[in-house]
Amino acid sequence: MSNHDKVREQVSKDYARAVSEVSGGCCGPAKPSNPAAVLAGYSDEELSALPADAVQSSFGCGNPVAFSGVTKGETVLDLGSGAGIDLLLAADRVGPEGHVIGVDMTDAMIERARANVTAAGHTNVELRKGIIEDLPVESDTIDRVFSNCVVNLSPEKGRVFAEIARVLRAGGQISISDIVVEELPQWVRDSTHLHSACVAGAISESEYVAGLKAAGLEDVQVVDRMVYDTASLAALIGSEISGQEVSCCGVSSVDIDKDAVRRLSEEVQGKVWSARFVARKP
């Protein structure tokens, strides 16, 4: 097994466990509320209209669908669709005449997403198993690609950017929320669990923009940023809130103790942020 495949296998295991432990996750008992989802920019109105499990099982860092310009009748693709929160929001926007495709490499996430799609009553959503470096999607078939805190997990980001360009139709657009970093200590880069926590594998904003351009996309811009302070870094990674163990971005405080979270927060505060990237295929 290659090192890249080992990274993907570990990430898949971490997220399968995270979604199986959702009742003790980022937000405590399952309910239509999630501090991590609110932090990511989802409105109370959006969250209240979704199945509680889709909200509770959200591990994102932004709301890429809200301002993506998705319209009725479009075919859209979610990279790393997880438990389905963005799939459901997109399904409402494209309507019954549109088509929403979610790709995820973790069986547990696909099962959870299918259950949430059924609970929401949508018939225009399709789940496909695969990796985002080799999408199970035909070329030139997608109007919009969105993704929420997933590309940072890939050990081969150049391949992801190339796949995005391949599947988009001419004029197709992207709206991707992701974690970017200015710089990280080596001990963070070497941490398997901090990779699954969406930090250790992240690249800089400038590298991200350059990667999208190198794939052939145009009008690449960063339209939103949210810099994480100490508290929001702890929420992103995994700490303890009101005595409850949290599990965000696939890891929990069992994996990373409070001292490590505190050390990380102190060393990288102001150097880690969520950014939303937009671009189009010429």
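For the structure, check the block above.
Predicted model, so just to flag it, every value in this text is computed and none were measured.

S.K.: Before we move on, can you summarise the overall build of the protein with the specific residues and values?
M.R.: Scanning the protein for helices and strands turns up 12 helices and 11 strands. A total of 282 residues make up the protein; the buried ones form 57% of that total. Accessible surface computed for the protein: about 11300 Å², of which carbon and sulfur atoms make up 49%.

S.K.: Describe in detail the sheet that holds strand β1 (residues 75–79), supporting the description with residues and values.
M.R.: The seven strands lie next to each other as β3-β2-β1-β4-β5-β11-β6, forming an open sheet whose pairing is mixed. Pairing within the sheet leaves two strands with one partner each, and these edge strands are β3 (125–129) and β6 (218–227). Adjacent strand axes in the sheet meet at a mean angle of 15°, parallel and antiparallel pairs treated alike. Strand direction decides the pairing type here: strand β2 (residues 99–104) and β3, joined by five bridges, are parallel. For I101, the partnering residue across the bridge sits in β3 and is E126.

S.K.: Break down helix α11 (residues 230–237) for me, citing the residues and quoting the values.
M.R.: Within α11, six of the eight residues are buried, which leaves the element mostly enclosed by the surrounding structure. Considered for burial, the residues of α11 that qualify are S232, L233, A234, A235, L236 and I237.

S.K.: Describe the nonpolar core, with residues and values.
M.R.: Of all hydrophobic cores here, the largest spans 31 residues; its most connected members are L77, V145, I164, I174, Y208 and L217. Elements that contribute at least two residues to this core include exactly β1, β2, β4 (142–148), α7 (157–167), β5 (168–181), α10 (205–214), β6 and β11 (272–280). With five residues, α7 is the single largest residue contributor to this core. The contacts of L77, once residues within four sequence positions are left out, are I101, V103, L135, V137, I142, R144, V145, F146 and V167. By size, the runner-up hydrophobic cluster in this structure holds 25 residues, among which are Y15, C149, A197 and V268.

The rules we used
Residues numbered from 1 in each chain as written. Predicted model: local features only at pLDDT ≥ 70, side-chain atom pairs only at ≥ 80, totals over all residues. Heavy atoms only, no water. Helix = DSSP H or I, 4+ residues; strand = E, 2+ residues; numbered from the N terminus. Buried < 20%, exposed > 50% of the residue type's maximum accessible area, 1.4 Å probe, protein only. Areas by Shrake-Rupley, 256 points an atom, 1.4 Å probe, with all protein chains shown as cover. Pairing = 2+ DSSP bridges. Axes fitted to C-alpha atoms, helices over the stretch in contact; angles between N-to-C directions. Core = buried A, V, L, I, M, F, W, Y, C linked by side-chain atoms within 4.5 Å. Contact = heavy atoms within 4.5 Å.

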